[in-house]
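# Descriptive analysis of the structure
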Amino acid sequence: MKMKKLLMTAALAALTLAASAQSLNVSSAFGNMRKGYLNKAKAEIDAACLHDATKDDAKTWCYKALIYARIGGEASNKKSKFKDLAPDWAEQAYAAALECKRLDTRNEYAKEINEVFSFVGQDFYVRASEAYNAKNYALATQLAEKSTEMFSNAGQGQFSADALYIAGLGAYAQHDTASVKKYFNQLVRRRTDKNFVYTTLFGIAKAEGSNADAMKVATNYTRNCKNDYKAYLLLADGYLLDKNIDKGKEMIGKALELTKDSVNLYPTVLSLAGGVLDEAADYEGAEAKYKESLALLPDQFAANFGMGKMFYNRAVDKNNAANAIDPFTDESGLIDKYTAESKDLFGQSITYLAKAVTYIDNLPTQEAKDAQRANLANALQALANAYARIDKPEESKAARTRFESLVQ
């Protein structure tokens, strides 16, 4: 019995010595970090995180998070001898911070850990942005989602929302509708003011045939952004989708009321309102809004193209209606009637489409013209087709040649 008791005492003494050594190792690691000896600090803290005596201590993991974050600070310095010390520093720092948070039941290290969460979250956010700009959308979404988690752990809601937006953009670029809805709906719940979030969710709901979901999105937009005219235009679109014409026009009126004192913005909103009414097949109302916009600002692309597009699409509908009739049974002459109406509408579209093209051609800088390249291509393609329909082959050929030079 005495021998066994002696052995147990010796084992206990050995454990005590080991614990003291490891505790010293933790403090030494932090000291070496402060002195700039990051290689020594890393080796010491890695050992402490594996040792039974210190691996369950929140302080150990706090120091590891801080040390790896400090290593991360050197990673972007090409001249630093520690730039390659831990390529996975961000992942290591984040994991350590999470473990510290789990063990730190008294929140002794909350301030330090939140700083690590924020620092690592910024790194993931920058990497997500770079991946998105490089069109690596899958990686961008993955990194942005992790950044969202990190900022959320740091209690930084706005930065978390910014990362969430990149995750949604990445999913959108991949045509991953389910993920777009997941990320963007979270932003709606956070009362985001980003128009693209609402219009995207609205468009998805429309495509899925869910008018109720579309209205829910638009209604949340107006609740979250009471002074955003675009919110009321989207809600107007929702009401018109439900054939509630009066409420739709009421929302258009609210959008116009919000912008009536802005000389620069009001014509644009009138044009947008025209587009909403055009989508609802209220052509008379749409034409009135487009013309009011053009009366205030004749030299513009939006209203000219909007009016031209409306006439063009109506002309196509008339032409298709004529083609759908069997000429051998057309006793009432509907084919000739629809064909004539189609040509008249194509002719009216040309007037406005040509003005839209002229507006872009007269822009003062090549940079401004390049920014309108897609709009110019759309207008020229429509012009080429419209000229062909009213038997003006030379004008059609000229417009088509310009269009083809843009899309090559």
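Look a little higher up for the structure.
Treat the numbers as computed from the prediction; the structure is a model and nothing was measured. (Residues numbered from 1 in each chain as written. Predicted model: local features only at pLDDT ≥ 70, side-chain atom pairs only at ≥ 80, totals over all residues. Heavy atoms only, no water.)

Helix-helix packing: each pair is described by the crossing angle between the helix axes and the interaxial distance. Between helix α10 (residues 211-224) and helix α11 (residues 229-241), the least distance of the axes is 8 Å, while the angle of their chain directions is 155°. As summarised for this structure, α10 and α11 are arranged roughly antiparallel, according to the angle between their axes. The two elements α10 and α11 meet at a crossing, and its hand is left-handed. Judged by residue contacts, N211, A214, M215, A218, T219, Y221 and T222 of α10 engage K230, A231, Y232, L234, L235, G238, Y239 and L241 from α11. Within the contact of α10 with α11, the residues separate by chemical class into 10 nonpolar, four polar and one charged. (Axes fitted to C-alpha atoms, helices over the stretch in contact; angles between N-to-C directions. Helix = DSSP H or I, 4+ residues; strand = E, 2+ residues; numbered from the N terminus. Parallel < 35°, antiparallel > 145°, perpendicular 65-115°, else oblique. Left-handed = near helix turned anticlockwise from the far one by under 90°. Contact = heavy atoms within 4.5 Å. Nonpolar A, V, L, I, M, F, W, Y, C, P; charged D, E, K, R; others polar.)

One turn of an α-helix holds 3.6 residues; hence residues three or four places apart share an orientation. Here helix α14 (residues 283-296) spans 20 Å end to end across 14 residues, near enough to the 20 Å set by a 1.5 Å rise per residue. What α14 keeps buried is the set G285, A286, Y290, S293 and L294. (Expected span 1.5 Å × (residues − 1). Buried < 20%, exposed > 50% of the residue type's maximum accessible area, 1.4 Å probe, protein only.)

The final tally for this structure, using the stated rule, is 22 salt bridges. Here E108 makes a salt bridge to R106, at a shortest N to O gap of 3.0 Å. Its relative accessible area of 66% is what places R106 among the exposed residues. Through salt bridges with shared partners, one network takes in K42, D46 and K64. (Salt bridge = Lys/Arg side-chain N within 4 Å of Asp/Glu carboxyl O.)

Taken as a whole and judged by the stated rule, the model has 12 aromatic pairs. Taking 5.4 Å as the distance between ring centres and 45° as the angle between the ring planes, the aromatic pair formed by F151 and F159 counts as tilted. Arranged with centres 4.1 Å apart and planes meeting at 5°, the rings of Y198 and Y221 form a pair that is stacked. Remark: Y221 occurs in helix α10 and Y198 occurs in helix α9 (residues 195-207); sequence separation between them is 23 residues. Looking at Y198, the relative accessible area reads 0%, which means it is buried. In textbook terms, an aromatic cluster arises when at least three aromatic residues are bridged by ring pairs, as seen for Y165, Y172, F184 and F196. Residue placement shows K194 over the ring face of Y165; its charged tip is 4.6 Å from the ring centre. Just above the ring of Y283 sits the side chain of R314; from NZ or CZ to the centre is 4.7 Å. (Phe/Tyr/Trp six-rings, centres within 6.5 Å; stacked < 30°, edge-to-face > 60°. Lys NZ or Arg CZ within 6 Å of the ring centre and 35° of its normal.)

A few words on the environment of E91. Take E91: it is sitting in helix α4 (residues 89-103). For E91, a relative accessible area of 36% puts it in the partly exposed group. The spatial distance from the C-alpha of E91 to the C-alpha of F124 is 9.5 Å, given a sequence separation of 33 residues. For E91, the residues in contact, after removing those within four places along its chain, are F124 and R127.

This paragraph deals with the environment of L363. Along the chain, L363 turns up in the loop between α16 (334-361) and α17 (366-371). Overall, L363 belongs to the buried group, its relative accessible area being 14%. Between the C-alpha atoms of L363 and A205, which are 158 residues apart in sequence, the distance is 37 Å. When residues no more than four places from it in sequence are discounted, the contact partners of L363 are A368, K369 and Q372.

Considering the arrangement of structural elements, one finds G73 in helix α3 (residues 58-75). C-alpha separation for the pair G73 and L187, spaced 114 residues apart in sequence, amounts to 31 Å.

Backbone geometry at K135 places phi at a positive 65°, although glycine is not the residue there. With respect to the element layout, K135 can be found in the loop between α5 (110-133) and α6 (137-153). Despite not being glycine, A281 has its phi angle at roughly 65°, a positive value. Structurally, A281 is set in the loop between α13 (266-279) and α14. Note on A281: relative accessible area 45%, which makes it partly exposed.

For Q300, the location among the structural elements is in the loop between α14 and α15 (302-323). Judged by relative accessible area, which is 6%, Q300 ranks as buried. Those residues in contact with Q300, other than ones at most four positions away along the chain, are P267, S293, L294 and Y359.

The next subject is the side chain of D237. Note on placement: D237 falls in helix α11. We classify D237 as buried; its relative accessible area is 16%. In contact with D237, not counting residues within four places along its chain, are F202, K206 and V276.

No statement about biological role is implied by the geometric values presented.
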